[in-house]
Every structure is written in C-alpha cells, then in structure tokens.
Amino acid sequence: MFQSKIAGIGHFVPEWEVTNEDLTKVMDTSNEWIVERTGIQSRRYGKRHEETTAVLGTKAAVAAIENAGIEKEEIDFIIFATLSPDYFFPGCGVLLQRELGITNTGLGALDIRNQCSGFIYALSVADQFVKTGMYKNVLVVGAEMHSMGLDFSTRGRNVSVIFGDGGGAVVVQPTENKNEGILTTHLHSDGTYAEKLAFLSPGSHAGYHQKYLDEKLDYGFSDETYGELFLNEKMLKDGLVYPQMEGPFVFKLAVQKFPEVIQEALDKTGLTTKDIDMLVPHQANLRISQFVQKKFGLNDHQVWNNIQKYGNTTAASIPIALSEAVQTGAIQKGNLVCLAAFGSGFTWGSALIRW
Ligand code: COA
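Just so it is clear, the model here is predicted, and its values are computed rather than measured. (Residues numbered from 1 in each chain as written. Predicted model: local features only at pLDDT ≥ 70, side-chain atom pairs only at ≥ 80, totals over all residues.)

**Comments concerning helix α10 (residues 286-296)**
Given 3.6 residues to a turn, an α-helix orients residues that are three or four positions apart in the same direction.
Inference 1: Listing the buried residues of α10 in full gives Leu-286, Ile-288, Ser-289, Val-292 and Phe-296. Projected down its long axis, α10 shows its buried positions confined to an angular sector of 160°, all on one face.
Inference 2: Close packing links the buried residues of α10 with α2 (31-38), α9 (247-269), β11 (278-281) and α11 (307-310).
Inference 3: Positioned one or two residues after α10, Gly-297 has a phi angle of 65°, which is positive. (Buried ≥ 20, exposed ≤ 12 C-beta atoms within 10 Å, placed from the backbone. Helix = DSSP H or I, 4+ residues; strand = E, 2+ residues; numbered from the N terminus. Arc of directions from axis to C-beta. Contact = placed C-beta atoms within 7 Å.)

Here it is, written out as structure tokens:
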C-alpha cells in the first residue's frame, strides 16, 4: 500500500464581489444581521454566460495541475464535487475534462454529491484509489456556482445571503514517505433529516417523501399523471427550485458533528488537538468555526477562516481555504492539517494531513 499526498493545489474565485449592502437592494436584510449571524461581509458571484461551475472548477484545476508540476495529460482520474452542477446530467466531471482539453479517454470522471462535505468525500475516494496503486494523479475538484440558483427575494434571505461562488482543486499522488500525506479520512451520513437542508425540485420524488406527506403539500401528484411531476408551475411559484434550509436545526447539529468527527480523526492517529497546526473547517458560518476553535482551545492562527470574503462556497470552501493557507505560507511542510465538514444529507467528515 502507498500513502497519498496532496502534490498540487489551486483555487479560483470570480471577480464580481457582492457586499451585504448590495443584497439589501434586492431583499429585506441588513449588513448588521448578516455579519452578526454569519460573519460574512461579501461573496463572489460568477460572470453570467461565461463562468459556470465546471468553468470555475477548471480554473482551479489548471492552477492545481501547474502547482503539482505535471501535465494535464498525466491526470488519470477526475473527481468533481458540487451541488450546483451545470446540468442535472451529465455531471461536471466530464465537462471539466472537456474544458481542460483532455481528449484521452483512458481516464475516468466521477461526480460527488455530498454538498458541504463533498470535498472531504472526494478526497477520501482519491486517497483510496492512490493508496491501492490504481491511480497516480487524481484531480479532486470542488466548485460551486450558487448565485445562479438562489432565491433573491426576501423569502429566500436566510439561505441566499450565505452562499457564494468559487472553485478549489488538488492533485493527489502516491508518496513513499510515510511521514507525509493523508493520514486518515472519516466519512459519516444520516439521511433522517434529508429535507432540512435541501433542493427539492426538479426531482423524481412525486410527493413521496415525509416533508410532502407531513405538510400535505399538493403539487398535483396523482397516480394517473404523466409528466409535470418532475417540475411544475406550482413548484416554481412556491420556490421549490431553490435551496431550503432550517438554519437553527442545521446549526445545532453542525456544532455537535464538527468536534466529534475531528476527535475521531485524532483518536485514530493517536494525535491530540495540541498537534494540530491548522484546522481548515468547511466555511459554513463563522460562528460555527469559532465554536469549534474554542472547544479545542485553538488560537486564531490555527484556524483558517475566509467566509468573511467568500461566504459559504460549499464543496469549494475547503479547497479554497486550504489553497489560500498554503499560498500565504500559513501552512508549512511538516504541519498537521485537519479538514472537517458538515452539511446537507446530513453528511460530515474529516481528514488529517501531514503537509
Ligand atoms: N436578513 C435579515 N433577517 C433574516 C435573514 C436575513 N438574511 N434571514 C433570516 N432572518 C430573520 C428570520 O426571518 C427570523 O426572523 P423572525 O425572528 O422575525 O422570525 C430571524 O432572522 C431569525 O432567524 P433564524 O433562522 O432563527 O436565525 P439564526 O440566528 O439561526 O441564523 C443562520 C440563521 C442561517 C445564519 C443560522 O441558522 C445558520 O448559520 N445555520 C447553519 C447554516 C449552515 O451552516 N448551513 C450550511 C450547511 S453547511
């Protein structure tokens, strides 16, 4: 068995900066509310008609490939994590392959649908492929173009002020040095509360799931209907085509699961919180990161937060944050880096990396 390491990293965020003040022009919200509850001051939105999720992912991938010092043709597997794909299908993995101009069909492309923990899930899959010797250069990408699918009316303000666009990527390679690389990854899920943070339509549920049954939601579902169940006008009108979130419910679980899954990774490796040089949490909410920081007694230099300027970029948030921390020298060779995430599903996970 090999050990795997992150051999290259890069990120890309669009130029268009949208401040909290800008959002007050389209919905009933305020800079004070957003900063106090989430820590977010601004976020980036992709350029319409030019930047899609696959495009943002590709820009990040180009930087990661260059940073790894390899040619794009050397990539032998692509893993793309996103909740805001260009198309319902095919997934962004193949679109990224096309954007990169990789015509070699000897490689595979996989899409990961694990929302905020998507990057950790993707990294874990890459780790397994590299460890077993199956692949030598796995490109792992997390990218989101949230701004195309948010409800910018006051109805959607609890969700739309939080999210931003961007992409991050890493190249995972084998290493024979047992003192570097991905030490452990931990993945978890619990589908009980799937609809507490979800994007419900279009979909094939036809009113089957608990939320519809409990709330007696009528979208014209009947046994005899053809079509229109996937998406109909009433669903559009009621905003089912936008993400829905019970914020306080998500918050309570997040502050429980983040510490649990970090501790699990430490226990597995026989390390302690004192060994962590840098915690890169999924950028869900600054208050969640601060809670975790306090719980583990970490100082401000041991936790990377950039939600203030990018918002929550879901599958892209960890690779963007990790890339920034590496670029600025906040993560040095030999440092112990901990990644942790929690999000829709619910799914959560962690990884420990000796940089
Ligand atoms: N601007 C102004 N007011 C807003 C608002 C906005 N953007 N969004 C919601 N509100 C209002 C609500 O309508 C509510 O008003 P009411 O008391 O009159 O009903 C009030 O603010 C409180 O809403 P609530 O949802 O309880 O706020 P909160 O303190 O829980 O903060 C979140 C909301 C979303 C910031 C917070 O719950 C959160 O961060 N949850 C976790 C989210 C998360 O991590 N999601 C990603 C998963 S990784």
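**Regarding the sheet that holds β11**
Inference 1: Reading across the sheet, the four strands line up as β8-β13-β12-β11 and stay open at both edges, with mixed pairing between neighbours. Every interior strand has two partners, whereas the edge strands, β8 (181-189) and β11, have only one. Looking at each pair of strands side by side, their axes are set apart by 10° on average, direction ignored.
Inference 2: For β8 and strand β13 (residues 347-354), the ladder comprises eight bridges, and the chain directions are antiparallel. Bridged to Ser-189 within β13 is Thr-347.
Inference 3: Against the sheet, α9 touches β8, β11, β12 (336-343) and β13, its axis set at about 40° to β13.
Inference 4: Running over the sheet, helix α12 (residues 317-327) touches β11 and β12 and is turned about 150° from β11. (Pairing = 2+ DSSP bridges. Axes fitted to C-alpha atoms, helices over the stretch in contact; angles between N-to-C directions.)

**Quick notes on the pairing of β13**
Inference 1: Most of β13 sits inside the fold, with eight of its eight residues counted as buried.
Inference 2: In β13, alternate side chains face the same way, and those of Thr-347, Gly-349, Ala-351 and Ile-353 on one face and Trp-348, Ser-350, Leu-352 and Arg-354 on the other are all buried.
Inference 3: One ladder, built from eight bridges, connects β12 with β13; its direction is antiparallel. If you follow Gly-343 over to β13, its bridge partner there is Thr-347.
Inference 4: Two successive antiparallel strands, β12 and β13, enclose a turn made up of three residues, where Gly-345 displays a positive phi of approximately 140°.

**What to know about the domain arrangement of the protein**
Inference 1: Domain boundaries assigned for the protein yield domain 1 (3-175), domain 2 (181-193 + 245-309 + 316-354) and domain 3 (200-241).
Inference 2: On a C-alpha basis, the centres of domain 1 and domain 2 stand 17 Å from each other.
Inference 3: Domain 1 puts 34 residues into the contact, and the matching count from domain 2 is 34 residues.
Inference 4: Elements that contribute at least two residues to the side of domain 1 that touches domain 2 include exactly β1 (3-12), α5 (118-131), β6 (138-144), α6 (157-160) and β7 (166-175).
Inference 5: In terms of residue count, β1 provides more of the side of domain 1 that touches domain 2 than any other element does, seven residues in total. (Domains from an automatic or database assignment.)

**Side note on the site of the ligand**
Inference 1: Surrounding the ligand, one finds 21 residues, the nearest of these being Thr-29, Arg-157, Asn-158, Gly-247 and Ala-284.
Inference 2: Of all the elements in the fold, those that place two or more residues in the shell around the ligand are α2, α6, α9 and β12.
Inference 3: A per-element tally of the shell around the ligand places α9 first, with five residues.
Inference 4: Here the residues of the shell around the ligand sort into twelve nonpolar, seven polar and two charged.
Inference 5: Shared between two domains, the shell around the ligand takes at least three residues from each, and those domains are domain 1 (3-175) and domain 2 (181-193 + 245-309 + 316-354). (Near = placed C-beta within 6 Å. Nonpolar A, V, L, I, M, F, W, Y, C, P; charged D, E, K, R; others polar.)

**Looking at the environment of Gly-149**
Inference 1: Positionally, Gly-149 belongs in the loop between β6 and α6.
Inference 2: Sequence spacing of Gly-149 and Tyr-242 is 93 residues, and the spatial spacing of their C-alpha atoms is 6.3 Å.
Inference 3: Ignoring anything within four residues of it in the chain, the contact list for Gly-149 reads Ser-84 and Tyr-242.

**With respect to the environment of Gln-128**
Inference 1: Mapped onto the elements of the fold, Gln-128 is located in helix α5.
Inference 2: Here Gln-128 falls in the partly exposed class, since 15 other C-beta atoms lie within 10 Å of it.
Inference 3: Separated by 124 residues in sequence, Gln-128 and Ser-4 place their C-alpha atoms 8.4 Å apart.

**Examining the sheet that holds β7**
Inference 1: The strand order across the open sheet built from five strands is β1-β7-β6-β4-β5, with neighbouring strands paired in mixed fashion. Looking at the sheet topology across the chains shown, the edges are occupied by β1 and β5 (108-112). Between one strand axis and the next, the sheet turns through 20° on average, direction left out of account.
Inference 2: As paired strands, β1 and β7 are joined by nine bridges and run antiparallel to one another. Paired with Ser-4 across the bridge in β7 is Pro-174.

**Description of unusual backbone geometry**
Inference 1: Across the junction of Ser-201 and Pro-202, the peptide omega takes the value 5°, indicating a cis bond.
Inference 2: Following the sequence through the fold, Pro-202 ends up in the loop between β9 (197-198) and α7 (210-214).
Inference 3: Look at the link from Gly-345 to Phe-346: it is a cis peptide, with omega at -10°.
Inference 4: Tracing the backbone through its elements, the reader meets Phe-346 in the loop between β12 and β13.

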